[in-house]
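An overview of the molecular structure
Spelled out from the first residue to the last, the chains are:
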Amino acid sequence: MMFSILRILFFLTSYVAVSQHKQLKDHILFYSSFDGKSSADIAVGDNNIYTAENYKKTAAAKAGLHDTNIVLAKRQGLVGDAIHFKQAKTAAVFYKAYKNVGYSSSSWSGTISFWLRLDPNKTLAPHYCDPICITDSKWSDAGLWVDFTNHTPRRFRYGAMGDIGVWDPNNDSDETDWNKRTITVDPSPFQSESWTHVAMVFSEVNTTASEFRLYLDGKFQGVIKGVNDPFTWQAENGKIMLGLGYIGFMDELTIFDKPLKSEEVKTIFVLKNGIKSMFE
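First, a word on scope: everything that follows refers to the structure included in this document.

1. Some points on the pairing of strand β1 (residues 28-32)
Counted residue by residue, β1 has five buried out of five residues, so it is predominantly covered. Bridging between β1 and strand β17 (residues 248-256) involves four bridges; their strand directions are antiparallel. Among the inter-strand pairings, Ser32 is bridged to a residue of β17, identified as Leu253. Taken together, the two bridges between β1 and strand β2 (residues 42-43) define a ladder with antiparallel strand orientation. By the bridge assignment for β2, Phe30 is matched with Ala43.

2. Considerations on the state of the cysteines
Scanning the model with the defined rule gives zero disulfides in all. In this model Cys129 remains outside any disulfide bridge; the closest cysteine sulfur is found in Cys133, 12 Å from its own.

3. Details of unusual backbone geometry
The step from Thr152 to Pro153 runs through a cis peptide bond, and the omega angle for that step is 0 degrees. Position of Pro153 among the secondary structure elements: in the loop between β10 (143-148) and β11 (156-161). In this structure, Pro187 follows Asp186 across a cis peptide bond, with omega equal to 0 degrees. Within the element layout of this structure, Pro187 appears in the loop between β12 (182-185) and β13 (196-205). For Phe34, which is not glycine, the phi dihedral falls at a positive 60 degrees. A relative accessible area of 0% means that Phe34 is categorised as buried.

4. Topic: the sheet that holds strand β9 (residues 129-135)
With antiparallel pairing, eight strands are arranged side by side in an open sheet as β4-β3-β7-β16-β9-β10-β11-β12. The two strands at the open ends of the sheet, each matched to only one other strand, are β4 (62-63) and β12. Alignment of β10 against β11, held across six bridges, turns out to be antiparallel. Counted as the bridge partner of Asp147 is Arg157 from β11.

5. Side note on the packing of aromatic side chains
Here the distance between the centres and the angle between the planes together describe a pair of aromatic rings. Evaluation of the coordinates by the stated rule reveals 20 aromatic pairs. A ring pair is formed by Tyr50 and Phe94, whose centres lie 5.8 Å apart and whose planes are at 20 degrees; its orientation type is stacked. Of the two residues, Tyr50 is situated in strand β3 (residues 49-52) and Phe94 in strand β7 (residues 92-96); the sequence distance between them amounts to 44 residues. We classify Tyr50 as buried; its relative accessible area is 12%. When the centroid spacing of 6.5 Å and the interplanar angle of 55 degrees are considered together, the rings of Trp145 and Trp178 count as tilted. Taken as a pair, Trp145 in strand β10 and Trp178 in helix α4 (residues 175-180) lie far apart in primary sequence, 33 residues in all. Of the aromatic side chains, those joined through ring pairs into one cluster are Tyr103, Trp108, Phe202 and Trp233.

6. A look at the side chain of Glu264
Relative to the helices and strands, Glu264 resides in helix α5 (residues 262-269). Look at Glu264 and you get buried, because its relative accessible area is 14%. Side chain to side chain, Glu264 and Lys258 meet in a polar contact 2.8 Å long. Beyond its immediate sequence surroundings of up to four residues, Glu264 is in contact with Leu24, Lys258 and Pro259.

7. Description of the environment of Gly159
With respect to the element layout, Gly159 can be found in strand β11. Residues Gly159 and Val93 lie 66 residues apart in sequence; the distance between their C-alpha atoms is 20 Å. With residues near it in sequence (within four places) discarded, Gly159 still touches Gly143, Leu144, Trp145, Arg181 and Thr182.

What counts as what
- Residues numbered from 1 in each chain as written.
- Predicted model: local features only at pLDDT ≥ 70, side-chain atom pairs only at ≥ 80, totals over all residues.
- Heavy atoms only, no water.
- Buried < 20%, exposed > 50% of the residue type's maximum accessible area, 1.4 Å probe, protein only.
- Helix = DSSP H or I, 4+ residues; strand = E, 2+ residues; numbered from the N terminus.
- Pairing = 2+ DSSP bridges.
- Disulfide = S-S within 2.5 Å.
- Phe/Tyr/Trp six-rings, centres within 6.5 Å; stacked < 30°, edge-to-face > 60°.
- Polar contact = N/O pair within 3.5 Å; in protein donor to acceptor, adjacent residues only side chain to side chain.
- Contact = heavy atoms within 4.5 Å.

Shown next, in the form of structure tokens:
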């Protein structure tokens, strides 16, 4: 009888896990495993990665990785390969955000999930660096990003900066303005020999009820709310910018069309074989 009960419990647990995976899988807009290729495995929009000399010359960007300091590191990923930014001074590398991030001018929600591996206090060059920034313009103008600060110990931040013409029209922002729009983790948990999961959750952007939540390794770190700056994009110009001044590894970049709940973020964090587990 005990054996039968255990079998039932195992079945129910497995069923719930499979059901959760299926539900989350159906909300993936974009997924790049970096396994053997730089193009995305799943994309609602363009799945190519692009390289340009810099972000002022993206009109001349070429599909693919074309910088020897940005490579696919074989068998160095959380699962399989990873993208490795070997130096801080690199070309502009990005995916096109159009359709891949689900941007909406009326109500925009989603989750940006990825893994990083680095020791920020030993690896990074002495300036701010952004592993990822999603915007149609720049980090301070309708941009979602995470960065490492420029002083030791390096703090990790999630920033949600709306239209610069709204939050800093006179170019005189102060620490109060910044603190309203960032979540800071100090000390940060990143290590050179282990992977850290990052989930940037955002909900109802471009409404009066917008919220931004940060999770590291499945644990809630903080929330930005009550700001409600608009994020006005020319949607077709949106970019998923990678490795701005960053030195380290990134893997399993995934964008969902919904703000993941805490238990859903934990589900992603504990996947043994990464996002591909959801498709098995």
